[in-house]
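Structural description and commentary
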There are 2 protein chains.
Amino acid sequence: MAEYVHGYGERENIRLEDQSGILEELIHPGTGYDEGEHVLEAGCGVGAQTVILAKRSPGTRFTAIDISEKSLKTAQARAAGKGLGTVRFECGDVTALRFPDNSFDHIFACFVLEHLADPHQALCELKRVLRPGGSLTAIEGDHGSCFWHPETAASLAVWNAFIKVQRGPGHDPNIGRRLYPLIADAGFTVQDVSPRWVYGDAGKKQILDGMVNRIIVPMVQTGRDAMLKQGLVDETTWRQGIADLERSGTLPDGTFFYTWFKAIAVKRL
Amino acid sequence: MAEYVHGYGERENIRLEDQSGILEELIHPGTGYDEGEHVLEAGCGVGAQTVILAKRSPGTRFTAIDISEKSLKTAQARAAGKGLGTVRFECGDVTALRFPDNSFDHIFACFVLEHLADPHQALCELKRVLRPGGSLTAIEGDHGSCFWHPETAASLAVWNAFIKVQRGPGHDPNIGRRLYPLIADAGFTVQDVSPRWVYGDAGKKQILDGMVNRIIVPMVQTGRDAMLKQGLVDETTWRQGIADLERSGTLPDGTFFYTWFKAIAVKRL
C-alpha cells in the first residue's frame, strides 16, 4: 500500500471535514444521480464527500471504497451518524477492483488521482467497471495554481517544499491541469473540465480564513516532518513560512487563490 | 516617461487587439455607465478597451488619456474607424492629472497599475479627480496565476524570466492578487474583487489557441531582447521555451490557465 502523504491523524480528519464543508458549494453543483442508480465512489477516505453525495442523491445506491481500513471506519461512523443508509463501504484498491466489468452506472473520485503512482492505470480500471454510457466525475486540485499575498520568501519556500514532498512518492500535486489529457488518454470521452476556484480577501474574510487557516496551513503541516527530514526547509524557515501563510489569511491586506478542477467524462457506448 | 515593457511595435498592437477581443466577455460584463455621465479611462493605450467601453455605454462621455502620443494616435484612429464620437483622447500622466478635483463620475483603468512605479500614488490621484460616490473599476492580470501543461523546464524558465523583466522597472506583474489592499490603502471603499479567469484544453481549443498563441506567446516575445540582454535565459532556452509554450497551446494534451482580477471600488461620500 502506498503512503498517503497527509497521514491519518485526528487533526487531518478535522481538516478534511472543514475542507469538504467549504468545498461543497464549489464542487458538488452539477453532480446528482438518479434513483436506483449504482455509483462507485473511488477513494472515499474518511467519507467527507460521501455524505454530501448521499445527501444530494438520496435515492441512489453508493458503494464507497478506500484502501485504508482506518479511514473507512471513520467514514462509516460519519455516514451512520447522518442516518445515511444508502452507502455500502468496503476496503479496496482503485487500481485493482474486485468488481466485474460494467458494474456501475457512474463513478465519482475526488482528490484521489493525485495520490496514485499510476493514475492512468487507475482510470483504465475505473473505466472497466463503469457501464458504457456511464459517467466519471473526477475532482483534483493543482498546487501550482495557488498564490497569495503577501508572498514572502519563507511562505513560498515552505509551499514549494510541500509540493516536492507530495510529489515525492510518484504522485502529482499539480495534477488538476492535466485532468483533461489524463482522462482522454484512458479512453473516456471528456465532456468538460472546469476550474473550481476560491479567492479570498478582506472583503471575503470567511473564505480567506477558511481556506488559508483551516485548509491550506493544516494541509502543509501534515508535510512538516518529511520536509525537514528531506532538508527541503530548515526549522527557522518552516516556522516563518507557516506564520507568513497564516498572516496572509488574517491580515487586512491578505489575499489567497487556489483552484481545483472538475472533470466530467463518459465511457463510450 | 517610464518605459512600457511591451514596447509599441506593430505586432504588439495586434496582440493588444486580439487580447481585447478574447477578454471582452471576461472583463466587461458588469461594467456600464449611464447616459450623460463622464468617465475617465486612465491609460487607454491603443484604445483596445476604449472602443468596447464606448460601444457598451453609447450615451456616456469618455475622456481617454495615455502617456504615449503614438498609442493615442492608434486609439484615435480605431475609435474614428468605429464611428465612436463619444470619446475624447488626450495625452496625460495618470500620476499627475490636469483635471480639477471631483471631475469624473467614474474611472476605468485596465492593465495600467501593473506598469506604474507607484500605483498607490496613481490611485490617490485618480481618487482626487473622481467625484464622491463615483466608482473606480480596475482590471489587472497576475502573471503568478499562470500555469500550463506540459510544464517543461524551458517554458517555465522563459516565463519566470519574463516576470523578472516586467518586474524590473519597479512594476509588479503579479499585481492582481494585491488589488484589494492596494485600492483600500488609497482610501477607496472596495466593493468587490473577482478573478476573471481563462482555462483552455483540447475541449476548448479556441480559448487554448487564442490565449497561448495569440496573447501569451506574443506578450512574452516582447520581452525577448531584455531577457537575453540581462542574461535571464540563453538563446537555446529561449527558443525551446517559446516552442514548448506554443506546444501547450496546440497539442491535444495542452492546457492553460490564467486569471485577471477585476476590482470595483467607490470614493466615499
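Residues numbered from 1 in each chain as written. Chains lettered and ligands numbered in written order. Predicted model: local features only at pLDDT ≥ 70, side-chain atom pairs only at ≥ 80, totals over all residues. Heavy atoms only, no water.

Some thoughts on the pairing of strand β8 (residues 255-266) of chain B
All names here are of chain B. Here β8 lies mainly inside the structure; eleven of its twelve residues are buried. One ladder, built from seven bridges, connects strand β5 (residues 130-141) with β8; its direction is antiparallel. Its bridge partner being in β8, T137 is matched across the sheet by I264. Two elements, strand β6 (residues 147-149) and β8, share three bridges in a ladder whose sense is antiparallel. By the bridge assignment for β8, F147 is matched with F257. For strand β7 (residues 189-200) and β8, the ladder comprises eleven bridges, and the chain directions are antiparallel. In the strand pairing of β8, V193 is matched with A263. (Buried < 20%, exposed > 50% of the residue type's maximum accessible area, 1.4 Å probe, protein only. Helix = DSSP H or I, 4+ residues; strand = E, 2+ residues; numbered from the N terminus. Pairing = 2+ DSSP bridges.)

Concerning the packing of aromatic side chains
The relation between two aromatic rings is expressed through the spacing of the ring centres and the mutual angle of the planes. The tally for this structure, following the rule as stated, stands at 21 aromatic pairs over all chains. Ring centres of B:W159 and B:F162 lie 5.8 Å apart, and the angle between their planes is 35 degrees; on these two criteria the pair is classed as tilted. With B:W159 and B:F162 both in helix α5 (residues 153-167), this residue pair falls three residues apart, about one helical turn. Both residues of the pair, B:W159 and B:F162, belong to the buried class. What links up through ring pairs into an aromatic cluster is the set A:F147, A:W197, A:Y199, A:F257, A:F261, B:F147, B:W197, B:Y199, B:F257 and B:F261. (Phe/Tyr/Trp six-rings, centres within 6.5 Å; stacked < 30°, edge-to-face > 60°.)

Points about the interface of chain A and chain B
Bring the parts together and some accessible area is lost; that lost area is often taken as the interface size. Opposite the 25 residues of chain A that make contact, chain B presents 25 residues. Regarding the contact of chain A and chain B, the summed buried area is about 2,200 Å², with carbon and sulfur atoms giving 67% of it. Contact with chain B buries area across many residues of chain A, yet A:F147, A:R177 and A:Y180 alone supply 30% of it, more than any other trio. Counting every contact that joins chain A to chain B gives four salt bridges. Here B:K204 ties to A:D192 by a salt bridge, and the two come within 3.2 Å at their closest N and O atoms. Where the side of chain A that touches chain B is concerned, the elements lending two or more residues are β6 (147-149), α6 (179-185), β7 (189-200) and β8 (255-266) of chain A. When residues of the side of chain A that touches chain B are assigned to their parent elements, the largest contribution, five residues, is made by β7(A). The residue makeup of the side of chain A that touches chain B, split by class, is eleven nonpolar, six polar and eight charged. (Contact = heavy atoms within 4.5 Å. Buried area = accessible area lost by both parts, 1.4 Å probe. Salt bridge = Lys/Arg side-chain N within 4 Å of Asp/Glu carboxyl O. Nonpolar A, V, L, I, M, F, W, Y, C, P; charged D, E, K, R; others polar.)

Here's the deal with the pattern of salt bridges
All names here are of chain A. Taken as a whole, this structure holds 33 salt bridges over all chains when the rule is applied. One salt bridge connects E90 with R98, and the closest N-O pair in it is separated by 2.8 Å. By relative accessible area, E90 is classed as buried at 13%. Owing to a relative accessible area of 57%, R98 belongs among the exposed residues under this scheme.

Describing helix α9 (residues 235-248) of chain A
The first and last C-alpha atoms of α9(A) sit 20 Å apart over 14 residues, in line with the 20 Å expected at 1.5 Å per residue. Buried residues belonging to α9(A) abut β6, α5 (153-167), α7 (205-221), α8 (224-229) and β8 of chain A. (Expected span 1.5 Å × (residues − 1).)

Regarding the packing of helix α7 (residues 205-221) of chain B against helix α9 (residues 235-248) of chain B
Residues and elements named next belong to chain B. With their axes 8 Å apart at the nearest point, α7 and α9 run at an angle of 160 degrees to one another. Taken together, the axes of α7 and α9 lie roughly antiparallel to each other. In the packing of α7 onto α9, the handedness of the crossing is right-handed. Where α7 abuts α9, its residues L208, V212, N213, V217, V220 and Q221 lie against W238, I242, L245, E246 and S248. Residues belonging to the contact of α7 with α9 are distributed by class as follows: seven nonpolar, three polar and one charged. (Axes fitted to C-alpha atoms, helices over the stretch in contact; angles between N-to-C directions. Parallel < 35°, antiparallel > 145°, perpendicular 65-115°, else oblique. Left-handed = near helix turned anticlockwise from the far one by under 90°.)

A closer look at the confidence of the model for chain A
Here chain A averages 92 in pLDDT, while 91% of its residues score no lower than 70. Predicted complex, confidence summary: ipTM 0.90, pTM 0.91. (pLDDT = per-residue confidence, 0-100.)

Some points on the pairing of strand β4 (residues 104-110) of chain B
Residues and elements named next belong to chain B. Extensive coverage of β4 is indicated by the burial of seven of its seven residues. Judged from the three bridges that link them, strand β1 (residues 38-42) and β4 form a sheet pairing that is parallel. By the bridge assignment, L40 is partnered in β4 with I107. Sheet analysis places β4 next to β5, joined by six bridges and oriented parallel. Note on β5: the bridge partner recorded for A109 is A138. Each parallel crossover has a hand, and for β4 linked through helix α4 (residues 119-129) to β5 it is right-handed. (Right-handed = clockwise from strand over helix to strand, strands pointing away.)

Quick look at the relation of the copies chain A and chain B
Rotating chain A by 180 degrees and translating it 0.0 Å along the rotation axis places it on chain B, where the RMSD comes to 0.0 Å. Put plainly, the chains are arranged around a two-fold axis. Nearest to the rotation axis, the C-alpha of A:S145 is located 3.1 Å from it, this being the minimum over chain A. When you check the interface residues of chain A against chain B, 100% turn up at the interface there too, and the contact is symmetric in its surfaces. (Least-squares fit on C-alpha atoms with pLDDT ≥ 70 in both.)

Let's talk about the nonpolar core
One finds A:L40, A:I183, B:L40 and B:I183 to be the most contacted residues of the largest nonpolar core, which totals 70 residues. Setting aside residues no more than four positions away along its own chain, B:L40 makes contact with B:T63, B:I65, B:L97, B:F99, B:F104, B:H106, B:I107, B:F108, B:L126 and B:V129. (Core = buried A, V, L, I, M, F, W, Y, C linked by side-chain atoms within 4.5 Å.)

A short note on the side chain of B:E140
All names here are of chain B. Within the secondary structure, E140 is located in strand β5. It is R178 that comes nearest to the buried, bridge-free E140 among opposite-charge side chains, at 9.6 Å. A distance of 2.7 Å separates a polar side-chain atom of E140 from the backbone nitrogen of L113. With residues near it in sequence (within four places) discarded, E140 still touches F111, V112, L113, E114, I175, G176, L179, W260 and F261. (Lys, Arg positive; Asp, Glu negative; His and termini not counted. Polar contact = N/O pair within 3.5 Å; in protein donor to acceptor, adjacent residues only side chain to side chain.)

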